[in-house]
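# Residue-level structural notes
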Amino acid sequence: VAALAAGAPSADFQPGGAVRVSLGLDRLLGSHRLTLATAADIYRPDELRGPSGNLALAQVKLGPVLSADAQLLLGVPRLRELMLWSAVRYRSNFSRDGITVENTSGAYLDGGVRTSVPIAAATDIVLAANGRFHTGLAIDEGLPTSGVTSGTVTIGLSQRAGSLVFQPFARATSGSVNARGSARDLQQASFTGFTGGLVIISRF
């Protein structure tokens with residue numbers, strides 16, 4: 001948007017509309033439960049309009065975004081919860097003034113496992129691990145369009161007290177950020193992070 005508006009006689013940028021079509025499936029598989037969901041997002045063109053407001057100086061149209069999510073909840077003895085999940089997104093190329101802009105597509109893959117192990121009548125240990133892989137966009141070599149590969153491990157407690165559930169947790173993340181363009185081998189960095197928090201859930 002900034003590039004289109006630079007030097008233009010107007011900064012009247014009007015976003016286009018969007019339509020989402022989705023389809024889901026949820027069923028029991030013995031003692032297990034499978035949930036699947038797919039979606040497609042379709043966009044109308046965004047316009048940079050002239051000073052009069054009725055002349056389009058430029059148009060940008062996002063390509064369709066396709067996504068699929070899966071969640072498998074396993075009924076396993078001695079575990080209060082054991083869930084496997086994954087999410088896939090594909091972002092297609094966008095166009096500018098009706099011309100497809102190459103290297104603007106990307107894929108995003110996330111997945112993980114979460115389990116809750118009871119250690120007392122009202123107390124569980126919560127364990128989770130997930131991974132992430134984003135290809136990034138090759139059109140630019142900056143940080144916002146870089147690819148990401150990372151993994152996260154979480155450990156916490158779930159304590160039920162009447163209508164409230166207290167869930168303190170600690171989380172560690174490690175991974176790398178990589179430019180997707182020609183400077184991929186020159187622009188990459190590793191990162192590590194640690195976080196902690198408390199979630200309070202009220203049931204009523």
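Report follows, based on the coordinates. (Residues numbered from 1 in each chain as written. Predicted model: local features only at pLDDT ≥ 70, side-chain atom pairs only at ≥ 80, totals over all residues. Heavy atoms only, no water.)

### Let's talk about the pairing of strand β13 (residues 164-178)
Where strand β12 (residues 147-161) and β13 come together, 13 bridges link them in antiparallel fashion. Within β13, the position partnered with G151 by the bridge is S174. Counting the residues in the hairpin turn of β12 and β13 gives 2 residues, including G162, whose phi is positive at 65 degrees. For β13 and strand β14 (residues 188-202), the ladder comprises 15 bridges, and the chain directions are antiparallel. Paired with R171 across the strands is T195, a residue of β14. (Pairing = 2+ DSSP bridges. Helix = DSSP H or I, 4+ residues; strand = E, 2+ residues; numbered from the N terminus.)

### Here we look at the sheet that holds β14
Pairing is antiparallel in the open sheet, where 9 strands are placed in the order β2-β3-β6-β7-β10-β11-β12-β13-β14. Each edge of the open sheet is held by one strand with a lone partner, namely β2 (18-29) and β14. Going from strand to strand, the sheet's axes swing by 10 degrees on average, the running direction of each strand aside. The pairing of strand β7 (residues 81-91) with strand β10 (residues 106-120) spans 11 bridges and is classified as antiparallel. When the bridges of β10 are listed, S86 appears paired with G111. (Axes fitted to C-alpha atoms, helices over the stretch in contact; angles between N-to-C directions.)

### Focus: the pattern of salt bridges
Oppositely charged side chains can pair when the atoms bearing their charge come close. Per the stated rule, a full pass over the model turns up 8 salt bridges. Between R49 and E47 there is a salt bridge, with the nearest N and O atoms lying 3.2 Å from each other. On the accessibility criterion, R49 (27% relative accessible area) is partly exposed. A salt bridge links R89 to D69, with the nearest nitrogen and oxygen atoms 3.4 Å apart. Of the two residues, R89 is situated in strand β7 and D69 in strand β6 (residues 65-73); the sequence distance between them amounts to 20 residues. Accessibility expressed as a relative area gives 30% for R89, which makes it partly exposed. Among the ionic contacts, a cluster of salt bridges with common partners joins R80, D124 and R160. (Salt bridge = Lys/Arg side-chain N within 4 Å of Asp/Glu carboxyl O. Buried < 20%, exposed > 50% of the residue type's maximum accessible area, 1.4 Å probe, protein only.)

### Let's talk about the layout of surface pockets
Approximately 250 Å³ is the volume found for the largest pocket. Residue lining of the largest pocket: 17 residues in total, with R114, V126, A128, T154 and R171 positioned closest to the centre. Counting residues per element, the ones that place at least two in the lining of the largest pocket are β7, β10, β11 (123-134), β12 and β13. Residues of the lining of the largest pocket, tallied by class, amount to 11 nonpolar, 4 polar and 2 charged. (1 Å grid on protein atoms, 1.4 Å probe; cavity = no way out; pocket = protein on both sides within 12 Å on 5 of 7 lines; lining within 4 Å. Points joined across faces, edges and corners; volume = space filled by probe spheres on them. Nonpolar A, V, L, I, M, F, W, Y, C, P; charged D, E, K, R; others polar.)

### Re a nonpolar patch on the surface
Together, V19, V21 and I42 line one region of the surface with nonpolar side chains, adding up to about 270 Å² of accessible area. By secondary structure assignment, the location of V19 is in strand β2. (Patch = residues over 30% accessible without salt bridge, like charges linked within 9 Å, V, L, I, M, F, W, Y side chains within 5 Å. Areas by Shrake-Rupley, 256 points an atom, 1.4 Å probe, with all protein chains shown as cover.)

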